[in-house]
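# Structural characterization, general
Okay, here's what each chain looks like letter by letter:
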Amino acid sequence: MSATSRSVLQLALDRPPTLGHGRLVCVDGPAGSGKTTLAAGMGELSGCPVVHMDDLYPGWSGLAEVDAQLESLLRPLAQGRPGSYRRYDWLAERFAETVTVDPAPLLVVEGVGSGSSGFGDLTTLLVWVEAPYELRLARGLARDGDTFAPHWEQWARDETALFDRERTRERADVHVDGDAGGPLGGSARHQP
């Protein structure tokens, strides 16, 4: 997805800052669609910090609770101060250390729920990544194996409810096809 990452990165950099003196790119979409690959490409190209929502969810049923974590991360950054969040330890099934994120010219937050409408005023670019269900399932199981398998269907229902409530896909500035060109392919289409 390097060409797509480059295109999305350039679009974000062409926009005025919205996160204090920095820019915020939120890469959202269903599990296994290619969000992490896109965000990693942007991080590699720019050297910007990338925050993964997987570190913010309080377990498998935690989608509805991530706004508090995003609040402590993003609102201070908007004021030019370091933001922070508690990292969730999936093996211990509890929150671990507090992670501090310093203000930067660009921050990428990737994962389901990163495009929360509660932080729309701080978002420079909202990116929606999607791919066919079967490909997403295969990617999720390849990445997380048996750990994810028993939770896949409930997670899919929870993320669908979140996306419907938030209208994430409709609000996105850019749509990325996470299936184009194979498992790491992608293409971006700007919304009108």
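What this report covers is the structure whose coordinates are included nearby.

How each quantity is defined
- Residues numbered from 1 in each chain as written.
- Predicted model: local features only at pLDDT ≥ 70, side-chain atom pairs only at ≥ 80, totals over all residues.
- Heavy atoms only, no water.
- Helix = DSSP H or I, 4+ residues; strand = E, 2+ residues; numbered from the N terminus.
- Expected span 1.5 Å × (residues − 1).
- Buried < 20%, exposed > 50% of the residue type's maximum accessible area, 1.4 Å probe, protein only.
- Arc of directions from axis to C-beta.
- Lys, Arg positive; Asp, Glu negative; His and termini not counted.
- Salt bridge = Lys/Arg side-chain N within 4 Å of Asp/Glu carboxyl O.
- Polar contact = N/O pair within 3.5 Å; in protein donor to acceptor, adjacent residues only side chain to side chain.
- Contact = heavy atoms within 4.5 Å.

## Concerning helix α4 (residues 133-144)
- A rise of 1.5 Å per residue sets the reference length of α4, with its twelve residues, at 16 Å; its end C-alpha atoms lie 16 Å apart and thus fit the reference within 8%.
- What α4 keeps buried is the set Arg 136, Leu 137, Arg 139 and Gly 140. Seen end-on, α4 carries its buried residues on one side only, within an arc spanning 165°. Within α4, the exposed residues directed more than 90 degrees away from the buried face are Glu 134 and Ala 142.

## Brief notes about the side chain of Arg 23
- Looking at the secondary structure, you find Arg 23 in strand β1 (residues 23-28).
- Buried charged residue Arg 23 carries no salt bridge. Nearest counter-charge: Asp 14, at 7.7 Å.
- A polar atom in the side chain of Arg 23 sits 3.4 Å from the backbone oxygen of Ala 12.
- The contact partners of Arg 23, leaving out residues within four places of it in the chain, are Ala 12, Leu 13, Arg 15, Pro 16, Pro 17, Thr 18, Pro 105, Leu 106, Leu 107 and Thr 124.

## Points about unusual backbone geometry
- One non-glycine residue, Glu 93, lies in the positive phi region at around 60°.
- Examined against the element boundaries, Glu 93 turns out to sit in the loop between β3 (83-89) and β4 (94-101).
- Positive phi, normally seen in glycine, also occurs at Arg 167, with a value near 55°.
- Structurally, Arg 167 can be placed in the loop between α5 (152-166) and α6 (168-171).

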